[in-house]
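A look at the structure
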Amino acid sequence: MKPDYYDEFQCIADACSLTCCQEWKIAVDRKTAAAWKKTETPEGVRPKRRTLSDYTKKCGDGRIITLDEKMRCPFLDERKLCRLVLTYGDAVLSETCTLFPREKHEVAAGITEYSLMPCCPAVVDLLWGRECIRFSDEADSASYGAYEAVYGVRKRFLTIMSDRAYRPAQSLCMLFYMALDLCDAGTSWKAEVSKYGDVHFRKELADAVEHAGVDCRAAFVERNELFLDLAENYRKEGLYRAFLTPAAEEAEQIAEDYGKIRKKDLDAFAQAFSPYEALMRCYLQSEIFSECLGEPDDVEYVTVKLQWIALEYAAIRHAAFLCWHREGALSYETMRSCMVILSRMLVFKYIFANLIPVLGKALGIAALSNNVLGTGNAWIGVLMVTIWQSMAFNTLIYLSGLQTVDRDLYEAAALDGATGFRRFFQITFPLIAPFFTINMVLSGKNYLMAFDQFIAMTNGGPGTATTTISVLIYKKGFSGGQFAYQSANAVLLFLVVVLISVFQLRVLERREEKVG
């Protein structure tokens with residue numbers, strides 16, 4: 001099963017407006033990494049190194065290509081063509097480069113689904129001009145075996161999203177209501193799916209969504225804060241500067257005084273955005289098709305994935321608003337950039353939904369064979385990202401500490417016959433103990449107040465599996481109407497963080513005195 005435009009895709013390489021070889025963490029699978037250790041660097045690559053492996057670096061449990069100073073793949077030539085392909089052919093490429101933007105999902109015996117990731121400009125170009133997506137080679141639902149029930153849910157989702165009588169945002173609200181309704185039904189949720197196939201029932205649901213009381217001002221503020229949270233780390237890394245810097249600066253100016261954005265501004269943007277409603281409908285269909293068929297009989301997993309898709313839509317729409325507000329117009333090229341870049345910024349969704357499950361199945365590790373973000377262990381995935389995110393800052397502090405250690409001490413210890421292990425514990429660690437202390441205190445404070453990663457990756461789900469105290473305060477305080485109650489929780493969190501930080505300082509300072 002595949003979307004109707006799948007076979008039309010062709011990589012436009014040098015003509016691409018935002019090549020996947022630029023400002024992109026390009027993963028190198030283990031087999032390719034091993035082969036690259038023996039493969040010489042092609043002519044023209046700068047700086048010149050011995051093997052292809054010398055252009056990669058460790059990232060988590062795998063490796064990625066180290067980008068050059070322009071944040072481009074070092075193998076890219078001035079024509080935006082890959083020197084590896086020109087020299088060795090496609091066989092030398094990593095699995096990511098070979099497949100992207102294609103996705104392949106083996107659902108059940110004899111059932112394989114194919115899709116294209118919309119974080120490629122050429123894929124967005126294929127979506128542009130379509131009113132909705134159709135799917136070919138569709139198998140009978142019974143062929144999906146254990147996935148038959150969730151396949152039925154996804155089919156209803158796609159049917160509702162393809163209905164041009166509703167705006168994409170309205171359809172998303174209807175889908176989310178349906179998902180929550182099925183979750184509330186408990187073990188009998190399968191019997192509830194059929195009612196959403198009734199046209200009259202869907203019309204009543206659409207009317208209810210349309211007339212539901214929505215605080216447009218609060219929703220706008222939340223979207224703006226979400227965009228700033230997503231943009232922060234990429235701006236620090238210097239990625240997507242041409243797009244993110246002006247957009248984030250616009251968001252920051254708006255955040256200084258939300259009152260200057262009036263209803264007429266939002267209405268004017270809605271008018272400017274209307275030509276792209278069909279494009280976003282196709283985008284959402286594509287995401288629902290590729291993401292909402294996870295665990296057999298697990299409707300909570302589908303709900304979590306739907307939350308993530310809604311977050312993507314909100315982020316893309318707000319990025320488009322920021323561009324429109326700054327430039328006074330919204331061109332197709334700008335809209336395409338919003339879709340491509342925001343999709344790429346949410347790359348960890350792809351890692352946890354596709355790369356890690358493939359690795360887990362290959363290694364026979366059941367816990368990694370499914371998307372961990374859709375299970376009760378979703379916190380493990382968020383923890384992995386948080387560690388990756390904080391590693392650079394922590395390393396910088398330790399490197400600063402190491403610069404203060406006198407090299408003469410190591411020479412004297414070597415003359416006395418001290419081993420490397422003993423030199424570390426008798427010289428290095430005692431002298432960088434103050435840096436260890438400050439690192440532990442800052443890390444402890446940051447982890448106790450963890451917020452951005454949970455909101456961006458799981459929104460506190462599935463259920464409440466990743467609802468930290470900061471997420472709880474935010475969601476219940478700003479969206480749940482418990483402002484006073486959550487203000488008290490915020491004060492308590494502050495006191496807890498202070499007490500734990502003081503305790504850490506006291507204990508670690510005593511340790512410093514002992515080792516000193």
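Above this text you will find the structure in question.
These figures come from a predicted structure and were not determined experimentally. (Residues numbered from 1 in each chain as written. Predicted model: local features only at pLDDT ≥ 70, side-chain atom pairs only at ≥ 80, totals over all residues. Heavy atoms only, no water.)

Per the secondary structure count, the protein chain includes 20 helices and seven strands. The C-alpha radius of gyration of the protein chain comes to 25 Å, within 12% of the 24 Å expected for a compact globule of 516 residues. Overall, the protein chain is about 85 × 65 × 50 Å in size when its C-alpha atoms are taken along their principal axes. The buried share among the 516 residues of the protein chain stands at 46%. Within the protein chain, residue pairs in contact and separated by at least 24 positions form 69% of the contacts whose partners lie at least 6 positions apart. In the structure as shown, the protein chain presents an accessible area of about 26200 Å², 57% of it carried by carbon and sulfur atoms. (Helix = DSSP H or I, 4+ residues; strand = E, 2+ residues; numbered from the N terminus. Rg over C-alpha atoms; globule rule 2.2 N^0.38 Å. Buried < 20%, exposed > 50% of the residue type's maximum accessible area, 1.4 Å probe, protein only. Contact = heavy atoms within 4.5 Å. Areas by Shrake-Rupley, 256 points an atom, 1.4 Å probe, with all protein chains shown as cover.)

For the structure on display, the rule yields 18 aromatic pairs. Between the aromatic rings of F269 and F321, the centroid separation amounts to 5.3 Å while the plane-to-plane angle is 85 degrees, which identifies the pairing as edge-to-face. Taken as a pair, F269 in helix 10 (residues 263-273) and F321 in helix 12 (residues 299-327) lie far apart in primary sequence, 52 residues in all. In this structure F269 comes out as buried when scored by relative accessible area, which is 4%. (Phe/Tyr/Trp six-rings, centres within 6.5 Å; stacked < 30°, edge-to-face > 60°.)

Quick look at the nonpolar core now. One finds F75, F157, F227, M335, L342 and M345 to be the most contacted residues of the largest nonpolar core, which totals 122 residues. The element that contributes the greatest number of residues to this core is helix 12, accounting for 15 residues. Apart from residues lying up to four places away in sequence, M335 is in contact with F273, Y276, L279, M280, I316, A320 and L330. The next biggest cluster of nonpolar side chains, apart from the first, holds five residues, and it includes V405, Y410, A413 and I427. (Core = buried A, V, L, I, M, F, W, Y, C linked by side-chain atoms within 4.5 Å.)

Once that is clear, we can look at helix 7 (residues 199-210). Taking 1.5 Å per residue, 12 residues should reach 16 Å; helix 7 reaches 16 Å between its end C-alpha atoms and fits that length. Residues R202, L205, A206 and V209 constitute the buried set of helix 7. Taken down its axis, helix 7 places every buried residue within 100 degrees of arc, on the same side. Facing away from the buried surface of helix 7 by more than 90 degrees, the exposed residues are H200 and E204. Where helix 7 is buried, its residues meet helix 5 (148-162) and helix 6 (168-184). Put simply, D198 is the residue that caps the front of helix 7, since its side-chain oxygen is 3.1 Å from the backbone nitrogen of H200. (Expected span 1.5 Å × (residues − 1). Arc of directions from axis to C-beta. Polar contact = N/O pair within 3.5 Å; in protein donor to acceptor, adjacent residues only side chain to side chain.)

Right, let's talk about the sheet that holds strand 3 (residues 56-59) for a bit. The antiparallel open sheet is built from three strands, whose spatial order is 2-4-3. Every interior strand has two partners, whereas the edge strands, strand 2 (27-28) and strand 3, have only one. Where strand 3 lies against strand 4 (residues 62-65), four bridges are found, and the strand directions are antiparallel. Within strand 4, the position partnered with K58 by the bridge is R63. (Pairing = 2+ DSSP bridges.)

As enumerated under the stated definition, the model contains 15 salt bridges in all. The residue D7 makes a salt bridge to K2 at a minimum N-O spacing of 3.0 Å. A relative accessible area of 59% means that D7 is categorised as exposed. Between R336 and D125 there is a salt bridge, and its shortest N-O distance comes to 2.8 Å. On the criterion of sequence distance, the pair formed by R336 in helix 13 (residues 332-345) and D125 in helix 4 (residues 121-127) is long-range, its members being 211 residues apart. Of the residues examined, D125 reaches a relative accessible area of 31% and is grouped as partly exposed. It is possible to trace a salt-bridge network through shared partners that takes in D4, E8 and R130. (Salt bridge = Lys/Arg side-chain N within 4 Å of Asp/Glu carboxyl O.)

Side chains of R30, K37, K58 and R63 sit close together on the surface and give a patch of like positive charge. Counting through the fold element by element, K58 comes out in strand 3. K58 gets classed as exposed once you look at its relative accessible area, which sits at 61%. (Patch = residues over 30% accessible without salt bridge, like charges linked within 9 Å, V, L, I, M, F, W, Y side chains within 5 Å. Lys, Arg positive; Asp, Glu negative; His and termini not counted. Charge placed at Lys NZ, Arg CZ, Asp CG, Glu CD.)

This part is about the packing of helix 5 against helix 11 (residues 277-291). Running from N to C, helix 5 and helix 11 cross one another at 175 degrees; their axes reach a closest spacing of 10 Å. When the interaxial angle is binned, helix 5 and helix 11 end up roughly antiparallel. Across the interface between the two elements, R154, F157, L158, M161 and S162 from helix 5 touch R281, L284, Q285, I288 and F289 from helix 11. Each residue belonging to the contact of helix 5 with helix 11 can be placed in one class, and the counts come to six nonpolar, two polar and two charged. (Axes fitted to C-alpha atoms, helices over the stretch in contact; angles between N-to-C directions. Parallel < 35°, antiparallel > 145°, perpendicular 65-115°, else oblique. Nonpolar A, V, L, I, M, F, W, Y, C, P; charged D, E, K, R; others polar.)

Here the amide bond leading from R46 into P47 is cis, since omega sits at -5 degrees, within 30 degrees of zero. Structurally, P47 is set in the loop between helix 1 (30-36) and strand 3.

Contact geometry of helix 11 with helix 12 gives a least axis separation of 10 Å together with a crossing angle of 150 degrees. With respect to helix 12, the element helix 11 is oriented roughly antiparallel. Note on packing geometry: the crossing formed by helix 11 with helix 12 is right-handed. Facing E277, M280, Y283, L284, E287, I288 and E291 of helix 11, the residues of helix 12 in contact are Y301, K305, I309, E312, Y313, I316 and R317. Partitioning the contact of helix 11 with helix 12 into residue classes produces eight nonpolar, no polar and six charged. (Left-handed = near helix turned anticlockwise from the far one by under 90°.)

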